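# Understanding the architecture of this molecule
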Amino acid sequence: MTSISAPVEAPPARPARTPRNVGRLRVDRKGWLFVGPFLAVFALVFLAPIVYAVWLSLFREQVFFGGTEFVGLDNYAAVLGDAKFWESFFRVLLFLVVQVPVMLGLALVAALAIDSARLHAAGFFRIVVFLPYAVPAVVAALMWGFIYGDTFGLAADLNELLGRKAVEPLSGDWILLSIGNIVTWEFVGYNMLILYSALKVIPNDLYEAAAIDGAGTFRTILSVKLPAIRGAVMIATIFSIIGSFQLFNEPNILRSLAPNAINTFYTPNMYAYNLSFGGQQYNYSATVAIVMGVITAIIAYVVQLRGSRKGA
Amino acid sequence: MSTVATRSPLKPRKSRLLTAVMAVYLLYTLVPLAWLLISATKTQQDLLSTSGMAFGGTFALFDNIAETFTHDDGIFLRWLGNTLLYVVVGAGGATILATAAGYGLAKYKFRGRRAVFAVLLGAIAIPGTALAVPTFLMFSNLGLTNTPWAIIIPSLVSPFGLYLVWTYATEAVPDELLEAARIDGAGEVRIFLTVTLRLLMPGVVTVALFAVVSTWNNYFLPLIMLSKPEWYPLTVGLNQWSAQASGVGAQPIYHLVITGSVITIVPLVIAFLLLQRFWQSGLTAGSVKQ
């Protein structure tokens, strides 16, 4: 198994090429053997669609003749001036600003409680809190959708009990909150697990030092635990931001139960989807997807920068 | 396990208050699932006429299950089979690819490794659904839509799984062991299969479990890729049944949607419960690097 390509890209800047070094390089190059297959599929399902989407976004369908014409950045200008796009964008932004802190707050409290060694049956709590993650988004949305409904749901039971329409989760005023509740229910456990995993690997001597300094429970949480899991909190935050901007499954499924409260451009993703599969406007749809992707990437990046600077 | 017991010199007492507060949250988690289970035992009539958290007049769970599997020429069974196919091939393949690649990135310092990281991280930041439309058009041009491949191929890539194995392998596979195996004359692939894989097992089970969940729960991708019910997975099929309830000539089959939902959840819940030990240790090791 001597590698024939070995001399071709030998790094010139390296110190003397002892036989050991050469062997090392040869071995290291075999890393491609393991990484290669993943990268090949990755290129097909991640990179190629991105390139293709950018290509699509530069063209426009011709209404009468069929085919497409090159329009440069016209589609981007159109998206940026599209009231429907901004309406959907600000809706998921509002969703993000309210739902993500609530969800992560609950996840953090749950993780700290389970980690605290003060909880009875901590193992049971851990598995049950995590359980909704195993429930498909479709089932979660259908289940909550039925519960919200006024034909046979719990909301109907509650209204009957109170003798008036006290809760109407599927009405226009309530629906965003109702979706937020579904997403929170689904993902608190997952985020709890990310945070809990980080809490579990905090070295014992930190706790001992805190105890010697006379730190109580809350002091230990503030000065030892929270700083130690900052990285995990950041990862959970970034995943949640990306998830919020991608909001699709829950509103799309609830739409069949609440057609008047959820329109076709309720979230940017639903807008892109309905442009494509309802209106055959593939080029414009690709542009919407790219614009959302860029905005998401920028916000995730900024959060990451801020998060890492705080600790430095 | 022992760390939990020994780490605090004070060994705090169990708190009833904290347990009670958490129990409230537990209710929030469990009540909807309880409602779903109770509802699965009711006939369509009882569903509409009895209170949500109470059992109906007849215990119809087994009738409902039977009807779920036989309704519409047993299409539900077909959907279950499709889901299993996507999970076995898609999630199985994803686990193999992510394990090999994560190990390769952790243990081989080849040139271009940094570039691979940069591309992967950049790709993770891009919303998956943003890629859906172009992926659909690409697959459509390749003639892959409306075939199982349209679901399986995109499921093969799990950047999160790769990240997990990479961090796990960095910790769990000592370089000295690899060197020793090389000195013994073992090839790289053989080292991977005989030495590494065993050490990586908790991480691999974790990756597999999460890949299974995301494939089992996949909705958006099959929704756009498939237009014929014969290749639907459970998720898309269930939603189609649910959508039947509205529109012209609607024939609601709520009881089947609910029973089908229960059947969809059960295998995953069982998998998570049985494999607890693995995925919890796998995730913990994964977070060491943060």
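Just above, that's the structure.
To keep things clear, this report deals only with the structure shown in the data block. Note that this is a predicted model, so its numbers are computed, not measured.

Scoring rules and cut-offs
- Residue numbers restart at each chain and count upward from 1, following the sequence in its written direction.
- Chain labels run from A onward and ligand labels from 1 onward, assigned in the order the entries are written.
- Under the rules for a predicted model, residues below a pLDDT of 70 receive no local features and side-chain atom pairs below 80 are neither given nor counted, while totals for whole chains, interfaces and linings still include all residues.
- As a rule here, side-chain values come from all non-hydrogen atoms in the structure, and water together with hydrogens is ignored.
- Secondary structure elements are defined from DSSP: runs of H or I of at least 4 residues count as helices, runs of E of at least 2 residues count as strands, and each element is numbered from the N terminus.
- In this description, contact between two residues means that some pair of their heavy atoms is separated by no more than 4.5 Å.
- To measure how exposed things are, a 1.4 Å probe is used in the Shrake-Rupley method; for residues, cover is taken only from the protein chains shown.
- Pairs were defined over the aromatic rings of Phe, Tyr and Trp, the Trp ring being its six-membered one, requiring ring centres within 6.5 Å. Orientation was assigned from the angle between planes: stacked under 30 degrees, edge-to-face over 60, tilted for the rest.
- Exposure categories follow from relative accessible area, calculated using a 1.4 Å probe and restricted to protein chains: below 20% of the type maximum is buried, above 50% is exposed, and the middle band is partly exposed.
- In this analysis the charged atom, NZ for Lys or CZ for Arg, is taken to sit over a ring once it is within 6 Å of the ring centre and within 35 degrees of the ring normal.
- Salt-bridge detection follows one rule: a side-chain nitrogen of Lys or Arg within 4 Å of a carboxyl oxygen of Asp or Glu.

## Section: the overall build of chain B
Scanning chain B for helices and strands turns up 14 helices and 0 strands. For chain B, the N- to C-terminal ordering of α and β elements is α-α-α-α-α-α-α-α-α-α-α-α-α-α. Within chain B, counting contacts between residues at least 6 apart in sequence, those at least 24 apart form 70% of the total. Put simply, chain B shows about 12,900 Å² of open surface, and 66% of that area lies on carbon and sulfur atoms.

## Focus on the packing of aromatic side chains
The final tally for this structure, using the stated rule, is 44 aromatic pairs over all chains. Seen in terms of ring centroids, Phe265(A) and Tyr271(A) are 6.2 Å apart; in terms of plane orientation they differ by 70°. Their pairing is edge-to-face. For the residue pair Phe265(A) and Tyr271(A), the accessibility class agrees, reading buried in each case. Chaining the aromatic ring pairs together yields one cluster made of Phe130(A), Tyr133(A), Phe187(A), Tyr190(A), Phe239(A), Phe160(B), Phe210(B) and Phe272(B). Here the guanidinium or amino end of Arg78(B) rests over the ring plane of Trp231(B), the centre of that ring lying 4.8 Å away.

## Remarks on the pattern of salt bridges
Residue and element names in this part refer to chain B. Enumeration over the complete set of coordinates arrives at 6 salt bridges over all chains. The closest approach of N and O atoms between Asp175 and Lys107, which form a salt bridge, is 3.3 Å. Of the two residues, Asp175 sits in helix 9 (residues 175-183) while Lys107 sits in helix 4 (residues 61-107), which places them 68 residues apart along the sequence. The class of Asp175 is partly exposed, set by a relative accessible area of 40%. Of the charged contacts in the structure, one is a salt bridge between Arg182 and Glu188, with a shortest N-O distance of 2.8 Å. Glu188 carries the same exposure label as Arg182, and that label is buried. Bridged by salt links that share partners, the residues Glu179, Arg182 and Glu188 form one connected network.

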